[in-house]
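Commentary on secondary and tertiary structure
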Amino acid sequence: MINMRKYLFVIGGVMSGLGKGILSASTALLFSSLGYNVSMLKADPYINLDAGTMNPYQHGEVYVTEDGGETDLDIGHYERFLNKNLHKWNNITSGKIYYSVIEKEREGKYLGQTVQIIPHVTDEIKSSIKEVGEKDGAEVLVIELGGTVGDIEGLPFLEAARQMYLESRDDVAFILLGLVPLSLDQEQKTKPLQHSVQELRRIGIQPTVIVGRSEKPLTPEAKQKLSLYSNLPQEGIFSDPDLDSPYELPIVLEDEGYLNYLLRALSLKEAKPDLSALKDFISRMKSYKEIKKVAMVGKYTKVTDSYISIKESLKIAGAYAGVKPEFVWIESTDIEEGKTDVESLEFEAAVVLPGFGARGVEGKIKALKRLREKNVPTLGICYGLQLMTVEIARNVLGLNGAHTTEVDPNTPYPVVDLMEEQKKVLKIGGTMRLGSYPLYLVKGSLAYKAYGKESTFERHRHRYEINNKYLEKFESAGYVASGYSVGSIIEIMEYKINKFFIGTQFHPEFNSKLFSPHPLFIELLRQ
């Protein structure tokens, strides 16, 4: 138990895409392993209210929380590492901050003041950060600041962090992650990271620690240079090298003394974390019995972060199933355009990935036909279930022209249709069926066997559903509903003729964590 909440800000330098989310989650896991109540916050500088309307090519996966928040993909990392559920309030954006400030101005809460970035926007940011700590009852709050030092849109967040340090120096720490690239002669070059330090100090922030992202652990010479030019002792410089698995990073950091250095900086007692469960998981991951090729069929496969939680869920499940999944990414539009011949491809398992809209749909349907006919263990997620249903309607039931009304509003056989409550929706953002809903499993089904229980909760993000009017026809052909939600909403369909051909309306990847893998992914890999 600590008297004052501690705040750790994780900041990116040099370039984006270095793994701030993994470093943030690793930091949180280390503190959590000491018994502290730890929570996390992702602060994104974009103007969108949330990630819900953003294209996966631009921002990767949209991660859905239990309470229906459409959040940044890093929230998924946080949940997997901490083995706990977070909330929509664990992701704030510039859009949310500005929206709140403007609402307050319209309500007259600023008493006639000229509303400015400082102090009004920065005060709102500080208030939002502290509110998350309060709501989650956190003793330690790790805050990942999106973007990179020097980005214009991120300056208010950095200024708010600087002010929080000024208000309570013993309770705030700054962790700077920056790239340390290799020169042509394989020397680690620290100059780019030095410049990020200088930019951060120009804003008024002195890093508490620096973490160098590099191919290999930082050399003593690289640490010495970073120490000299960043005004930090060498003990405050740490390595974030390339690893076989991101889940190894907490162990690497702990071996370098990262946790105790931060504990001292925050006036907390030094201690040794219990990482035995994590080490056991990594040992499982590395001691697989077989490798399986898993086809990943989707329309955003050129940016695989669009499906990062599915990737990680399969890796996690593999650790428990004794299988290493080897991903083969198949762009469904390439199937449509004849660039990929699905008939010539061989796989040991497949996932038909979620998505929206018409692009790539016929490619997915062709892939599903091939997978079904070859009896390849297949899991269709969300849109994957819906198109699995379309494929079986066309090619098993003979309902030519069957489709989802999302793509063909005039289809003669609308086997997938807009949910009744969605027909009144006018706005796009935040209006889908979102978050956790109960799932009731049918005894004797494959799904029931995988879960080993009659009911649970799963997370959703959709507007369309399987049309119950066709259920009797489907079940007569062996394509049966094996999971329902409230209101007879079909949640799971499975094709009994095959050994494992299952589609889910929900997203199982959002309920998969390091120490509690999702049963459907395990069952898929065990087939």
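Let me begin by describing the structure that accompanies this report. (Residues numbered from 1 in each chain as written. Predicted model: local features only at pLDDT ≥ 70, side-chain atom pairs only at ≥ 80, totals over all residues. Heavy atoms only, no water.)

1. Some thoughts on helix α12 (residues 308-321)
Three- or four-residue spacings in an α-helix give side chains the same orientation, since the helix completes a turn every 3.6 residues. Just so we agree on the cut-off: What counts as a helix is a DSSP run of H or I of at least four residues, what counts as a strand is a run of E of at least two, and both are numbered from the N terminus. By definition here, a helix of n residues has an expected span of 1.5 Å times n minus one. For each residue, the accessible area found with a 1.4 Å probe, counting protein chains only, is set against the maximum for its type, and the residue is called buried under 20%, exposed over 50%, and partly exposed in between.
The terminal C-alpha atoms of α12, which comprises 14 residues, lie 20 Å apart, in line with the 20 Å expected from a rise of 1.5 Å per residue. Among all positions in α12, only Ile 308, Ser 309, Ile 310, Lys 311, Glu 312, Ser 313, Leu 314, Ile 316, Ala 317, Gly 318, Ala 319 and Ala 321 are buried. In the segment just after α12, Gly 322 is the residue with positive phi, at about 75 degrees.

2. Some points on the pairing of strand β2 (residues 38-44)
To be explicit about the condition: Pairing between strands is defined by DSSP: at least two bridges between them are needed.
Counting buried positions over the seven residues of β2 gives seven, a clear majority of the element. Residue alternation in β2 divides its side chains into two sets, Val 38, Met 40, Lys 42 and Asp 44 and Ser 39, Leu 41 and Ala 43, and both sets are buried. Across six bridges, the pairing between β2 and strand β6 (residues 140-145) is parallel. Looking across to β6, one finds that Lys 42 is bridged to Glu 144. When β2 meets strand β5 (residues 91-93), the two strands line up parallel, connected through three bridges. Paired with Ala 43 across the strands is Ile 92, a residue of β5.

3. Side note on the packing of aromatic side chains
Keep this limit in mind: Pairs were defined over the aromatic rings of Phe, Tyr and Trp, the Trp ring being its six-membered one, requiring ring centres within 6.5 Å. Orientation was assigned from the angle between planes: stacked under 30 degrees, edge-to-face over 60, tilted for the rest. In our convention, an over-ring charge means Lys NZ or Arg CZ found within 6 Å of a ring centre and within 35 degrees of that ring's normal.
Enumeration over the complete set of coordinates arrives at 15 aromatic pairs. Relative to Tyr 307, the ring of Tyr 300 lies with its centre 6.4 Å away and its plane at 40 degrees, an arrangement referred to as tilted. Using a relative accessible area of 2% as the deciding quantity, one classes Tyr 307 as buried. Connected via pairs of aromatic rings, a cluster forms that spans Tyr 57, Tyr 300, Tyr 307, Phe 327 and Trp 329. Over the ring of Tyr 229 we find Lys 191, and its NZ or CZ is 5.7 Å from the ring centre. The positively charged end of Arg 433 is found above the aromatic ring belonging to Tyr 437, 4.2 Å away from the centroid.

4. Remarks on the sheet that holds strand β16 (residues 433-441)
Test applied: Where helices are involved, their axes are fitted lines through C-alpha atoms of the stretch in contact, as for all axes, and angles between N-to-C directions lie from 0 to 180°.
Ordered by their spatial adjacency, nine strands build an open sheet running β11-β10-β12-β13-β21-β20-β19-β16-β17, and the pairing between neighbours is mixed. Edge positions in the open sheet fall to β11 (323-331) and β17 (455-462), since each of these has one partner strand only. The average angle at which neighbouring strand axes cross in this sheet is 30 degrees, direction not considered. Bridge analysis of strand β12 (residues 349-352) against strand β13 (residues 378-381) gives three bridges, and the strand direction is parallel.

5. Observations regarding the layout of surface pockets
Counted only if it meets this: Here a cavity means grid points, on a 1 Å grid over the protein atoms only, where a 1.4 Å probe fits yet cannot get out; a pocket means an open set of points with protein on both sides within 12 Å along at least five of seven lines; lining residues are those with an atom within 4 Å of a point. Grid points are joined across faces, edges and corners, and a volume is the space filled by probe spheres set on the points. All amino acids are sorted into three groups, where Ala, Val, Leu, Ile, Met, Phe, Trp, Tyr, Cys and Pro are nonpolar, Asp, Glu, Lys and Arg are charged, and the leftover types, Gly among them, are polar.
What the second largest pocket holds in volume is close to 540 Å³. Along its surface, the second largest pocket is lined by 32 residues, and Gly 52, Val 62, Phe 356, Met 432 and Arg 461 are the ones closest to its centre. Looking at the lining of the second largest pocket residue by residue, the class counts come to 15 nonpolar, eleven polar and six charged.

6. As for the side chain of Glu 494
To be explicit about the condition: Only four residue types enter the charge count: Lys and Arg as positive, Asp and Glu as negative, with His and the chain ends excluded. One side-chain nitrogen of Lys or Arg within 4 Å of one carboxyl oxygen of Asp or Glu is enough to make a salt bridge. Any pair of nitrogen or oxygen atoms within 3.5 Å is treated as a polar contact; in protein, a donor-acceptor pairing is required on top of that, and neighbouring residues in sequence qualify only through side-chain atoms on both sides. Here a residue-residue contact requires only that any non-hydrogen atoms of the pair lie within 4.5 Å.
Mapped onto the fold, Glu 494 is located in strand β20 (residues 489-495). At 7.0 Å, Lys 496 is the nearest oppositely charged side chain to Glu 494, a buried residue that forms no salt bridge. A distance of 3.1 Å separates a polar atom in the side chain of Glu 494 from the backbone nitrogen of Ala 447. Sequence-distant contacts of Glu 494, defined by excluding residues within four places in its chain, comprise Ser 445, Leu 446, Ala 447, Gly 478, Tyr 479, Val 480, Ser 482, Phe 501 and Ile 502.

7. Let's talk about the pattern of salt bridges
Pairs can form between side chains of opposite charge whenever their charged atoms are close. Evaluated as defined, the whole model comprises 39 salt bridges. Residue Asp 280 is joined to Arg 284 by a salt bridge in which the shortest nitrogen-to-oxygen separation is 3.5 Å. Within this pair, Asp 280 and its partner Arg 284 are both found in helix α11 (residues 276-286), separated by four residues, close to a single helical turn. Across the pair Lys 423 and Glu 420 runs a salt bridge, and its minimum N-O distance is 3.3 Å. According to the relative accessible area criterion, Lys 423 is partly exposed, its value standing at 45%.

8. Regarding the sheet that holds β5
With respect to topology, seven strands assemble into an open sheet ordered β5-β2-β6-β1-β7-β8-β9, the strand pairing being parallel. The open sheet has two edge strands, β5 and β9 (237-241), and neither has a second partner. Taking the axes of each pair of neighbouring strands and ignoring which way they run, one obtains an average angle of 20 degrees across the sheet. Relative to β6, strand β1 (residues 6-13) is paired through five bridges, and the arrangement is parallel. Bridge pairing in β6 places Val 10 opposite Glu 144. Where helix α8 (residues 220-230) meets the sheet, it contacts β8 (209-214) and β9, and its direction lies at approximately 130 degrees from that of β9. Contacts from helix α10 (residues 258-265) reach β1, β7 (172-179), β8 and β9, with the element oriented near 155 degrees to β8.

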